[in-house]
Amino acid sequence: MSEDLEVHRRRMRAALRQARLAADEGEVPVGAAIYRAGHLIAQAHNQVEQLKDATAHAEMIALTQAAAAVGDWRLADTVLYVTKEPCPMCAGAVVLARIPLVIWGLTDPLRGGAVSRFQILQSGTLNHRTEYIAGVRAEECAALLQQFFHDLRRSSGAEASDPQPET
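The structure displayed is predicted, hence computed values, not measured ones.

Engineer: Could you give an account of the overall build of the protein, with specific residues and numbers?
Structural biologist: Secondary structure assignment for the protein yields 5 helices and 5 strands. In the protein, the order of α-helices and β-strands from amino to carboxyl end is α-β-β-α-α-β-α-β-β-α. Over its C-alpha trace the protein gives a radius of gyration of 15 Å, about what one expects of a compact globule, namely 15 Å for 167 residues. Each of the three principal axes of the protein carries a C-alpha extent, and together these read 45 × 35 × 30 Å. The buried share of the protein, taken over its 167 residues, is 45%. Taking all contacts inside the protein whose residues are at least 6 apart in sequence as the whole, residues at least 24 apart take part in 57%. In the structure as shown, the protein presents an accessible area of about 8600 Å², 53% of it carried by carbon and sulfur atoms.

Engineer: Help me get a handle on the layout of surface pockets, residues and values and all.
Structural biologist: The probe, sized like a water molecule, is rolled over the atoms to show the empty space still left. Computed from the structure, the largest pocket encloses a volume of approximately 410 Å³. Forming the boundary of the largest pocket are 20 residues, of which Val-28, Val-30, Asn-46, His-57 and Lys-84 lie nearest the centre. Of all the secondary-structure elements, those providing two or more residues to the lining of the largest pocket are helix 2 (48–51) and helix 5 (138–156). In terms of residues, the lining of the largest pocket owes the most to one element, helix 5, which gives 3 residues.

Engineer: Would you mind going over unusual backbone geometry in detail, with residue names and values included?
Structural biologist: Here Lys-52, not a glycine, exhibits a phi torsion of approximately 55°, which is positive. Within the secondary structure, Lys-52 is located in the loop between helix 2 and helix 3 (58–70). Residue classification places Lys-52 among the exposed residues on the basis of a relative accessible area of 70%. One non-glycine residue, Arg-98, lies in positive phi territory at about 65°.

Engineer: Could you give an account of helix 4 (residues 88–96), naming the residues involved and the relevant values?
Structural biologist: Every buried residue of helix 4 is listed here: Cys-90, Ala-91, Gly-92, Ala-93, Val-94 and Val-95. Buried residues along helix 4 sit in contact with helix 3, strand 3 (78–84) and strand 4 (101–106). Looking one or two residues past helix 4, Arg-98 carries a phi angle of roughly 65°, positive in sign.

Engineer: Break down the packing of aromatic side chains for me, with residues and values.
Structural biologist: The final tally for this structure, using the stated rule, is 3 aromatic pairs. Ring geometry for Trp-104 and Tyr-132: centres 5.2 Å apart, planes at 10°, overall stacked. In this pair, Trp-104 is assigned in strand 4 and Tyr-132 in strand 5 (residues 131–134), connecting sequence segments 28 residues apart. Its relative accessible area of 0% is what places Trp-104 among the buried residues. Where Phe-148 meets Phe-149, the ring centres are 5.1 Å apart and the plane angle is 85°; that geometry is what we call edge-to-face. Here the two residues Phe-148 and Phe-149 agree in accessibility, since each one is buried. Directly above the aromatic system of Tyr-35 lies the positively charged group of Arg-11, at a separation of 5.0 Å from the ring centroid.

Engineer: A description of the state of the cysteines should follow, citing residues and the corresponding values.
Structural biologist: Applying the stated criterion across every chain, the model contains 0 disulfides. Here Cys-87 is not disulfide-linked; the sulfur of Cys-90 is the nearest cysteine sulfur, at 3.7 Å.

Engineer: Please give an account of the confidence of the model for the protein that cites residues and values.
Structural biologist: Looking at the protein as a whole, the pLDDT averages 93, with 92% of positions reaching at least 70. Low pLDDT, under 50, characterises residues 160–167; the predicted model gives this stretch 13 contacts beyond four residues in sequence or across chains.

Criteria and thresholds
- Residues numbered from 1 in each chain as written.
- Predicted model: local features only at pLDDT ≥ 70, side-chain atom pairs only at ≥ 80, totals over all residues.
- Heavy atoms only, no water.
- Helix = DSSP H or I, 4+ residues; strand = E, 2+ residues; numbered from the N terminus.
- Rg over C-alpha atoms; globule rule 2.2 N^0.38 Å.
- Buried < 20%, exposed > 50% of the residue type's maximum accessible area, 1.4 Å probe, protein only.
- Contact = heavy atoms within 4.5 Å.
- Areas by Shrake-Rupley, 256 points an atom, 1.4 Å probe, with all protein chains shown as cover.
- 1 Å grid on protein atoms, 1.4 Å probe; cavity = no way out; pocket = protein on both sides within 12 Å on 5 of 7 lines; lining within 4 Å.
- Points joined across faces, edges and corners; volume = space filled by probe spheres on them.
- Phe/Tyr/Trp six-rings, centres within 6.5 Å; stacked < 30°, edge-to-face > 60°.
- Lys NZ or Arg CZ within 6 Å of the ring centre and 35° of its normal.
- Disulfide = S-S within 2.5 Å.
- pLDDT = per-residue confidence, 0-100.

Put into structure tokens, the structure is as follows:
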């Protein structure tokens, strides 16, 4: 299992690179990467502000890219890596795409759609269940989000005393 964890840590770097790109563009720094048979087939970052599209989350864009790469919307032989637990919309899309495994860094107890606030990935009422591994490179993922929101508050003149930044 430790070998698998090391592979997951290595592959999470692609999602972290994407999250850094998002932050550089003024987007909430969430990145995603999809692997198939050990090969990176899709990678994306949040582009909600840039595209003026509430659905332009890293996971949604990566799912579209992966479907194009595979030639099918069913992604049953892929693994999704994402820097933050998917929201309800993204978790639902993951289930619909039949992705068997999602690995994320930072769990989102306030808005997480995968397992925290909602348990979409393991819902018995849906036609597919997705396994997950949480906490891979969690500190790096959290640091990116914390720095982003700290900088955002500072540039907007907002109080920096908020102990729990929105992630």
